Amino acid sequence: MSNKATKNQQPPAGNTSTKQHQNHQHQHNHSSSSPKKTKTPSTPSSSSTWHISITSLALLSRLGVITLQVISNHLVPDHDAGVFVAPRDPEAAPAKLDGAVNFFLGGLHRWDGQYFLHISEYGYSYENTLAFFPLFPFIIKIATSTLGGSTPMITYRELSLVLAVLLNLVCFVLAAKALYKLSNLVLGNKKKSELAVILFCFNPASIFFTAPYTEALFSWLSFSVMAQCIDDINSVFITIPLSLSILCRSNGMLNIGFLLYFTARRILSQSSFHTIICMGSKLFSILMIIIFHYGIAQVYNYYLFCFEQKFSFPAHVKQYALDRGLVLAGNKTAESSPWCSNYLPLSYSYVQSHYWDVGFMNYYELKQLPNFLLALPAIYLVLSNAYKYIHDNWDFCAGLGLFRVQKKQLKSMRNYDRVAFAFVAHALFLTLFSVLFVHVQVTTRMLASSSPLLYWFAAEYFTGDKAFIRRQVIRKLSKQVRDGTEPCTHVENYVELSDILDFRQMNWKQKAILVYFAGYATVGTILFSNFLPWT
């Protein structure tokens, strides 16, 4: 028992002096053998065997993905998907380390990863590459060029692959920490925040957070923007992650909605006209900076494909365009790139429609039924829980979470209920847009990288369960009896794995969540690494 419990216990009559002596001796021994507590412990107690740092958990999960893709890539033959494969110089000899890089990381260089590494090496040489935003390949290009590009030890492509994976490892760790911070701010529940981070580290789209894709980078930037909007909406530093997220992915534009929404909430809560003017001016300045950055990218695209000019692309890059009928940058003709003649000459919507057949219900074909089934768990998880949130907080949602509600209702709402409206609206839009307009199998990885709600909703199945809460209480009490100390269950940037690994005590919904997350992470890695269709 703890000192406090020992001190307050009333001994039976007749044994008072003996018990007091024993208590005094116990307190003396305990205080003399225990070091003084510090205000901010850096690590959990040694007896907390299931604690692990967020950094370690994130890196271990990525190591598992890399190991699995190495095994599956060499055991399962690659599928000929008939998709874009970045052209290579047929006359260039392989470097010394190329074989080792391809052996360990070759299974990650698949699908859109081919586009990103091609862009980092040759730029936006083909019109269809404009579907991929510039931030991620630009970072890889800068890093690869800084390290010397192609050398006798390693060629440019393999070096860029290594750097892309390393970049995603760093961004994944930062994304996990940003999600933990955001979850604490919104949920106000450390246990649920821990579970959200654990689920994120083994999310259904895990392979895309390690391969040369934008998911890890975009998650970090998006979660940082969301946390900044709640923590300090007045900070001008929000411009940095917000601008970068827009240059990273097309749906980064939706992150502006968080800035607008939480600024509106702050303005409506202010009574000072001077404060409102200052906040409005700051918001306008931030939006102008963001639009300027996005505009530069669009002007560059226009420069590449809307004029006839000469670019010095290598012969094999030009030949690849001729063989597959691709529009090469600088080869503008009267028929090519019709988007150049639009009032707003933005390439993205045209490229998505022309090369990927993206449009309203264009994907609704019987042969695509497996892809709809593949996306169904993520769609159900978001739609069902979003409906429950709106139903339980209808008056609050009807006012968009901006206007005051009755005090009685406000008291009954959790901190999460008061803040989550913007996140629910954001996740609903992403889900419905994915189902109706784009390739539906993309829904899973879009939600996994863009919205924390996928993890919050999944965590709710655990922390909202009475049996789970009872196990938490029993575990704390048993630890107090065993150690004679208060348990250190929550340490900053550490998570506890005990509950998520206690599979036998879970109900069927909790088991289904774990099977879904772990199953998709495993199967997706195996399929992706062999050029087989996945999300």
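Everything numeric in this text was worked out from a predicted model, so none of it was measured.

Another point: the overall build of the chain. Helix and strand counts for the chain come out as 24 helices and 2 strands. The long-range fraction of contacts in the chain, counting pairs at least 24 apart against all pairs at least 6 apart in sequence, stands at 78%.

Before going further, it helps to examine the confidence of the model for the chain. Do not read the fine detail of predicted coordinates wherever pLDDT is low. Per-residue pLDDT for the chain has a mean of 86; in total, 84% of the residues score no lower than 70. Counting interchain partners and residues more than four positions distant, the pLDDT-below-50 stretch residues 1-48 has 32 contacts. The low-confidence segment residues 480-490 (pLDDT under 50) makes 25 contacts with residues lying over four places distant or belonging to another chain.

Applying the stated criterion across every chain yields a total of 42 aromatic pairs. Arranged with centres 6.3 Å apart and planes meeting at 55 degrees, the rings of Phe116 and Tyr213 form a pair that is tilted. Of this pair, Phe116 sits in helix α5 (residues 112-122) while Tyr213 sits in the loop between α8 (190-201) and α9 (215-231), placing them 97 residues apart in sequence. Ring geometry for Phe433 and Phe437: centres 4.9 Å apart, planes at 20 degrees, overall stacked. With a relative accessible area of 31%, Phe437 lands in the partly exposed category. Over the face of the ring belonging to Phe218 we find Arg249, whose NZ or CZ atom lies 4.9 Å from the ring centre. For Arg445, the ring lying beneath its charged end belongs to Phe208, and the centroid distance is 4.9 Å.

Enumeration according to the criterion identifies 1 disulfide in this entry. Disulfide partner of Cys306: Cys340, at an S-S distance of 1.8 Å. Its torsion about the S-S bond being -85 degrees, the disulfide of Cys306 and Cys340 is classed as left-handed. Placement of Cys306 in the loop between α12 (273-305) and α13 (315-324) and of Cys340 in the loop between α13 and α14 (348-356) is noted, with a sequence separation of 34 residues between them. When sorted by exposure, Cys306 lands in the same class as Cys340, which is buried.

Here we come to a nonpolar patch on the surface. On the surface, Phe360, Met361, Tyr364, Leu383, Phe429, Leu432, Phe433, Leu436 and Phe437 cluster together into a nonpolar patch covering about 780 Å² of accessible area. Residue contributions to the nonpolar patch peak at 4 residues, all from helix α19 (residues 421-436). Counting through the fold element by element, Leu436 comes out in helix α19.

This paragraph deals with the side chain of Arg445. Within the element layout of this structure, Arg445 appears in helix α20 (residues 443-450). For Arg445, the contacting residues outside a window of four places in its chain are Asp112, Ala205, Phe208, Tyr213, Glu215 and Thr535.

Formed by 138 residues in total, the largest nonpolar core has its most connected members in Phe200, Phe262, Tyr416, Phe423, Tyr455 and Trp456. Top contributing element to this core by residue count: helix α7 (residues 156-187), with 17 residues. In contact with Phe200, not counting residues within four places along its chain, are Phe172, Ala175, Ala176, Leu179, Phe209, Ser219, Phe223, Ala448 and Tyr455. Counting residues in hydrophobic clusters, the runner-up holds 5 residues, among them Ala375, Ile379, Val435 and Val440.

Here we come to the pattern of salt bridges. Counted under the stated rule, the structure contains 13 salt bridges. With its nearest N and O atoms 3.3 Å apart, the salt bridge here joins Lys191 to Glu194. Taken together, the positions of Lys191 and Glu194, both in helix α8 and 3 residues apart, correspond to about one turn of that helix. As a salt-bridge pair, Arg414 and Glu460 come within 3.8 Å of each other at their nearest N and O atoms. Note that Arg414 is positioned in the loop between α17 (407-412) and α18 (415-419) and Glu460 in helix α21 (residues 453-463), a separation of 46 residues in sequence. A relative accessible area of 39% means that Arg414 is categorised as partly exposed.

Turning our attention to the environment of Phe200. Its place among the elements puts Phe200 in helix α8. Assessed through its relative accessible area of 0%, Phe200 is described here as buried. Between the C-alpha atoms of Phe200 and Ala175, which are 25 residues apart in sequence, the distance is 9.2 Å.

What follows is about α5. The buried count for α5 comes to 11 of 11 residues, which makes it a mostly enclosed element. Listed as buried for α5 are Asp112, Gly113, Gln114, Tyr115, Phe116, Leu117, His118, Ile119, Ser120, Glu121 and Tyr122. Buried residues along α5 sit in contact with α6 (135-146), α7, α13, α14 and α20. Count one or two residues on from α5 and you reach Gly123, which has phi positive near 75 degrees.

What follows is about unusual backbone geometry. A positive phi is found at Trp111, a non-glycine position, where the angle reads about 50 degrees. If you check the backbone angles, Ser337 has positive phi at about 45 degrees while not being a glycine. Within the secondary structure layout, Ser337 lies in the loop between α13 and α14. By relative accessible area, which is 2% here, Ser337 ends up buried.

Cut-off values and rules
- Residues numbered from 1 in each chain as written.
- Predicted model: local features only at pLDDT ≥ 70, side-chain atom pairs only at ≥ 80, totals over all residues.
- Heavy atoms only, no water.
- Helix = DSSP H or I, 4+ residues; strand = E, 2+ residues; numbered from the N terminus.
- Contact = heavy atoms within 4.5 Å.
- pLDDT = per-residue confidence, 0-100.
- Phe/Tyr/Trp six-rings, centres within 6.5 Å; stacked < 30°, edge-to-face > 60°.
- Buried < 20%, exposed > 50% of the residue type's maximum accessible area, 1.4 Å probe, protein only.
- Lys NZ or Arg CZ within 6 Å of the ring centre and 35° of its normal.
- Disulfide = S-S within 2.5 Å.
- Patch = residues over 30% accessible without salt bridge, like charges linked within 9 Å, V, L, I, M, F, W, Y side chains within 5 Å.
- Areas by Shrake-Rupley, 256 points an atom, 1.4 Å probe, with all protein chains shown as cover.
- Salt bridge = Lys/Arg side-chain N within 4 Å of Asp/Glu carboxyl O.
- Core = buried A, V, L, I, M, F, W, Y, C linked by side-chain atoms within 4.5 Å.

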